[in-house]
Structures are given as structure tokens and as C-alpha cells.
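Residues per chain, in single letters:
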Amino acid sequence: IDWRVCFRSSAMMEDAHVYDILLQIEQIVQSPTFSTWQQGFINAHVDKFEFGDENKLEYTEIFQLYEDGVEQQIVGGLPDGETKLGAFMEALPDYINSEAGKKEETGKAITMLMQMSEFQEFKEMMMYVRKDRDDKSASTGDLLGGTKASDGAVLSVDGLLDRCATLATSGETEEGWVTCFQNDWLKIDKKEIEPEAKRHKNEIYLRGVMTMNMTYIEVLDMMLYFGERRKLWDKNYAGHEMPMGQDAYDDDEYIVKSALDFGTLMHMVGLPRSLLVKWVRRWDSPKLGMCTTAMVPWDLEKQGVDHNNSILTIKCNTMMPHPTLAHKSIITTLETNKMGGMPKWALKMIMSSTAPSMMSGLEKRYIQNVRNAHKTVDMTPEGRQKRTPGALEW
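Keep in mind that what you see is a predicted model, and the values were worked out from it rather than measured.

## Quick look at the overall build of the protein chain
Now for step 1: Each helix and strand counted, the protein chain has 12 helices and 10 strands in total.
Now for step 2: A buried classification covers 49% of the 394 residues belonging to the protein chain.
Now for step 3: Sequence separation of 24 or more characterises 67% of the internal contacts of the protein chain that already satisfy a separation of 6 or more.
Now for step 4: Put simply, the protein chain shows about 19,200 Å² of open surface, and 50% of that area lies on carbon and sulfur atoms.

Below is the structure:
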């Protein structure tokens, strides 16, 4: 079913029936039966997807098979499936434009159907499953010594903050780094973690150096701001809460629980819908006019690092103005990763597709929706002095 075409059809079925079928379809798609079918489909085809921007003809053919399978699952789950679905398809457009179509519960179902009809959403789901499987394969049986180095000096938050700040200003002077990927604005290097600090046998450092087409103030805003306006550039941000009652603007250490929206398909295959993170900010580090931060996956009950988080390890960033170009800035990132067991070619493919597309997307949307609309917020300590208590913009 091409739901995008359905939404342009004419109406025949009453709103109440459309409402009921939407909820039935949502239940079908969220059922164990559908999940089992989808997992089998993914397992059968995921190896054909490779990291990179190319959209091969084979991907489109697999997507068409997926759409056919989804339709069969829906038809099979509805009473009088084919007959009811035909009338439903014709009535849906007018329902969406009616007052009844504004109900939150059916809005979610409609969004889900639209996303399941988008090739890019499907491809991202397959790439996520491929990367997750490859990560797990690379780190199988690699835990070293139980809790070894879980809070050691090198892999602690303070240790990584210090190391990231040092790398941001030391350039290429530290030995042992091997380049995984490089283009005209991004370079990603890897390095073995010291044996005494490793938690896993395949654990490595990953360092990224990005030259952004944004000023230092703009980069700080893009990276550090939490609030409704973040949706202007971060398409995966769906809101946040502060479980410890802190202030994400004035406090330089705070815990934030972010709601995530990566689309229906990504969450259906296991991507969490929320992420609990402790943020740490160090101003004028490593030098005056620079900022080094840490994103720490957090366990609220233990009040400590969540080393088992499925999507985040401790990640540090040092942001600074470009040394010669005032309209640009540089971000140096440092994190640990368990992809050290991957072949170099495989790691390069992942690095060349994931980080560049994410950061370039953030940058483009920020420039278009914030800079061009003159909505930048100054997150520096000096800038925040202009903030009225409780204000979300200043």
C-alpha cells in the first residue's frame, strides 16, 4: 500500500470506522506476530545493505518486498481485510482533514503508516540493525575482568575530559593514532586503549576533528541547548525532563532525560525512546574561550555511569573558535568504542556514513532555521548573564 497516495483519495467510510481501523492497524503492527515476521525479513536481507550513501537498485527491490509484506500482515490481521482496507484507503484523506483526524491516538497511527512507506526510513532501520549486529559481533566475549577499570583514572569522566582537551590543542603530536576516515572537514582517528584501562578486548579510542561552518557561539548553542527550539535543528529530539530538578542552562553539571524520535521503524527494532545522560561542562578548558564537555550515560538508581547503555558511551567534546577564520569553529570529540575488532575497511565504511551525515545535517538545519532567522542563543557564561530566570531564550 502506498499510504501517501491513500491520503490523496476521496472519502467513503464514516469517521468512526476509520478511527477503529487505524487503531486496529496500529495493534497489528505492534503485535508479536508482526514483530516475528519483521525480524525474519530483516535477518533475510540485512547482509545486503552496506554502509555508505549509495542507494542501490537492490535496496529498492527489498523495500518493495517489505511494503508487500506489511500489507499482507495488515490484511491478514483485519476482519474482512481486503474489503475493509479498500474502503479505508479511500476514506482516510478526508478523515485526516477533519476534526476527528486531529485525535492524538490516530495521529500516531497515521505517522507510523507514513514512516513505514518511506524508503529512507526503511534503509536507516536496516543500517541500524547491521551496525548493531556488527558491534555485538566485534565485542563478543570481550569483557575483561568483570568491573575492571570501570571507574579508573583513564576511562573516568574526568580522565576523558582532560584527554579530549589535550588532544584538541596538541594536534598530531600524540603517537599511535590511525586515520579511519578523512574528508575536507572531518577526520576520524582510532587508537588502542591502554591495557590496564580496557573493559573489553576490542575497546578503542575514537577521535574526531570537525571544522564547522558555524561560529563558536553557534556551535555551543547547537550542542548544549535543551528546549523546544532544539527541534529546529535536531530532528531526533522529542523533548526532555530534568529528573534531579537542575537547570540545563545555568548548571554546568546536570542530568537530563531526553525523549528520542528516530522514527517508527528504528524504535521497532530496539532503539530506545529515551536517553538518560549526565552532562558536564568545563568553560575555558583547555584554554580561554574554549569549552570541553562530557556526555555520560547515566544510571539514576546507582548514581553512576551506565556502562551497559546500548547507544552511548562516555563522549567528550572540545569546542573552540577556528584559529584563523572567525566564521568557523572546530569540534574535537573523544569516545571509547568496542569496534576495535572490526576490519579496517568495515570501520571506515561505518565512520564515513554515520558521523558525517549526522553532523552535516545538524549544521545545515541550524544555519537554515536558526542563524538565518537570527535566533541564536549565547550559551557562554557571559551570554547567560543576560538570561532572565526561567527564560528559554535570551
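## Comments concerning the side chain of Glu 363
Now for step 1: Positionally, Glu 363 belongs in helix α11 (residues 344-371).
Now for step 2: For the buried residue Glu 363, which engages in no salt bridge, the nearest side chain bearing the opposite charge is Arg 371, 7.0 Å off.
Now for step 3: At 2.7 Å, the side chain of Glu 363 forms a polar contact with the backbone nitrogen of Asn 213.
Now for step 4: Sequence-distant contacts of Glu 363, defined by excluding residues within four places in its chain, comprise Met 212, Asn 213, Met 214 and Met 222.

## Topic: unusual backbone geometry
Note: most peptide bonds trans; most residues except glycine with negative phi.
Now for step 1: Between Ser 285 and Pro 286 the backbone carries a cis peptide bond, its omega angle lying at 10°.
Now for step 2: Within the fold, Pro 286 resides in the loop between β6 (274-283) and β7 (291-299).
Now for step 3: Although it is not a glycine, Asp 284 adopts a positive phi angle of roughly 55°.
Now for step 4: If you trace the backbone, Asp 284 turns up in the loop between β6 and β7.
Now for step 5: Phi at His 374 takes a positive value of approximately 55°, unusual for a residue other than glycine.

## Some words on the packing of helix α2 (residues 15-29) against helix α6 (residues 104-116)
Now for step 1: At a minimum axis separation of 9 Å, α2 and α6 run at an interaxial angle of 55°. The angle between α2 and α6 places the two elements in the oblique class. For the element pair α2 and α6, the recorded crossing hand is left-handed. On α6, the residues that touch Tyr 19, Leu 22, Leu 23, Ile 25, Glu 26 and Val 29 of α2 are Glu 105, Thr 106, Lys 108, Ala 109, Ile 110, Met 112, Leu 113 and Met 116.
Now for step 2: Its residues assigned to classes, the contact of α2 with α6 comprises 10 nonpolar, 1 polar and 3 charged.

## A look at the packing of aromatic side chains
Now for step 1: On inspection of all chains with the given rule, the structure shows 18 aromatic pairs.
Now for step 2: The interplanar angle of 35° and the centroid separation of 5.7 Å between the aromatic rings of Trp 37 and Phe 41 together place this pair among those described as tilted. A residue pair is termed a helical-turn pair when its members lie 3 or 4 positions apart in one helix, as Trp 37 and Phe 41 do in helix α3 (residues 32-45) at 4 residues.
Now for step 3: What makes Phe 41 buried here is its relative accessible area of 10%.
Now for step 4: Measuring from centroid to centroid gives 6.5 Å for Phe 226 and Tyr 254, while their planes differ by 85°, and the two rings are edge-to-face. Of this pair, Phe 226 sits in the loop between α9 (216-224) and β4 (237-241) while Tyr 254 sits in strand β5 (residues 253-260); the two residues are 28 residues apart in sequence, bridging distant segments of the chain. Both residues of the pair, Phe 226 and Tyr 254, count as buried.
Now for step 5: Following the ring pairs from residue to residue traces out a cluster consisting of Phe 34, Trp 37, Phe 41, Phe 49, Tyr 59, Phe 63, Tyr 66, Phe 119 and Phe 122.

## Brief notes about the environment of Met 127
Now for step 1: Secondary-structure assignment places Met 127 in helix α7 (residues 119-138).
Now for step 2: Its relative accessible area of 12% is what places Met 127 among the buried residues.
Now for step 3: Met 127 sits 80 residues away from Asp 47 along the chain, and the two C-alpha atoms are 9.6 Å apart.
Now for step 4: Here Met 127 is in contact with Phe 49, Glu 50 and Phe 51, once residues within four sequence places are set aside.

Conventions and cut-offs
- Residues numbered from 1 in each chain as written.
- Predicted model: local features only at pLDDT ≥ 70, side-chain atom pairs only at ≥ 80, totals over all residues.
- Heavy atoms only, no water.
- Helix = DSSP H or I, 4+ residues; strand = E, 2+ residues; numbered from the N terminus.
- Buried < 20%, exposed > 50% of the residue type's maximum accessible area, 1.4 Å probe, protein only.
- Contact = heavy atoms within 4.5 Å.
- Areas by Shrake-Rupley, 256 points an atom, 1.4 Å probe, with all protein chains shown as cover.
- Lys, Arg positive; Asp, Glu negative; His and termini not counted.
- Salt bridge = Lys/Arg side-chain N within 4 Å of Asp/Glu carboxyl O.
- Polar contact = N/O pair within 3.5 Å; in protein donor to acceptor, adjacent residues only side chain to side chain.
- Axes fitted to C-alpha atoms, helices over the stretch in contact; angles between N-to-C directions.
- Parallel < 35°, antiparallel > 145°, perpendicular 65-115°, else oblique.
- Left-handed = near helix turned anticlockwise from the far one by under 90°.
- Nonpolar A, V, L, I, M, F, W, Y, C, P; charged D, E, K, R; others polar.
- Phe/Tyr/Trp six-rings, centres within 6.5 Å; stacked < 30°, edge-to-face > 60°.

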